[in-house]
Amino acid sequence: MTHTGLLARIEAKPEHAAQVQELLEQALELARQETQTVTWYSFKLGPTSFGVFDTFDDEAGRQAHLNGKIAAALMNITPTLLAGTPDIQKIDILAAKLS
């Protein structure tokens, strides 16, 4: 079981919510290219609220993801499409049900 993860909350500007959703849907292809990312989910919490949850086997995988293309894309859209900087939290997974 993986014990390392990230939880990001992303708030879009109301007029750009559809663009942020599209970016998060398309980011799946980038996540698939990350060999150290075990699981990756993007989700919608409300009309302008989104999130990403992902897991890694170790800290090196988490750092690789934080330095990767998805994180760079989020930082690039922050000034124009987001209401603020994404809230990205490092998490430790305590338990999980797998399949």
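The coordinates are above.
Small disclaimer: the values here were computed from a predicted structure and weren't measured.

**Describing the sheet that holds strand β1 (residues 4-11)**
Across the sheet, four strands lie side by side as β2-β3-β1-β4; this open sheet has antiparallel pairing. Each edge of the open sheet carries a strand with a single partner, namely β2 (37-44) and β4 (87-92). Each strand of the sheet is rotated relative to its neighbour by a mean of 15°, with strand direction disregarded. With seven bridges connecting them, β2 and strand β3 (residues 49-56) associate as antiparallel partners. From the neighbouring strand, T39 faces β3, where its bridge partner is T55.

**Here's the deal with empty space enclosed by the protein**
Enumeration according to the criterion identifies one cavity of 30 Å³ or more in this entry. Every residue lining the largest cavity is listed: L6, L7, A8, V52, D54, H65, L66, I70, A71, L74 and I88. Looking at the lining of the largest cavity, the elements that each hand over two or more residues are β1, β3, α2 (59-66) and α3 (69-81). Taken together, the residues of the lining of the largest cavity break down into nine nonpolar, one polar and one charged.

**What to know about the pairing of β1**
Two elements, β1 and β3, share eight bridges in a ladder whose sense is antiparallel. Counted as the bridge partner of L7 is F53 from β3. Where β1 lies against β4, six bridges are found, and the strand directions are antiparallel. Bridge pairing in β4 links T4 to D92.

**Here's the deal with the nonpolar core**
With 16 residues, the main nonpolar core has I10, V20, L24, W40, F50, V52 and I77 as its most contacted residues. Those elements giving two or more residues to this core turn out to be β1, α1 (17-33), β3 and α3. Residue contributions to this core peak at five residues, all from α1.

**Some remarks on the packing of aromatic side chains**
Summed over all chains, the structure comprises one aromatic pair. Measuring from centroid to centroid gives 6.1 Å for Y41 and F53, while their planes differ by 25°, and the two rings are stacked. Of the two residues, Y41 is situated in strand β2 and F53 in strand β3; the sequence distance between them amounts to twelve residues. Take F53: its relative accessible area is 24%, and that puts it in the partly exposed class.

The rules behind the values
Residues numbered from 1 in each chain as written. Predicted model: local features only at pLDDT ≥ 70, side-chain atom pairs only at ≥ 80, totals over all residues. Heavy atoms only, no water. Pairing = 2+ DSSP bridges. Helix = DSSP H or I, 4+ residues; strand = E, 2+ residues; numbered from the N terminus. Axes fitted to C-alpha atoms, helices over the stretch in contact; angles between N-to-C directions. 1 Å grid on protein atoms, 1.4 Å probe; cavity = no way out; pocket = protein on both sides within 12 Å on 5 of 7 lines; lining within 4 Å. Points joined across faces, edges and corners; volume = space filled by probe spheres on them. Nonpolar A, V, L, I, M, F, W, Y, C, P; charged D, E, K, R; others polar. Core = buried A, V, L, I, M, F, W, Y, C linked by side-chain atoms within 4.5 Å. Buried < 20%, exposed > 50% of the residue type's maximum accessible area, 1.4 Å probe, protein only. Phe/Tyr/Trp six-rings, centres within 6.5 Å; stacked < 30°, edge-to-face > 60°.

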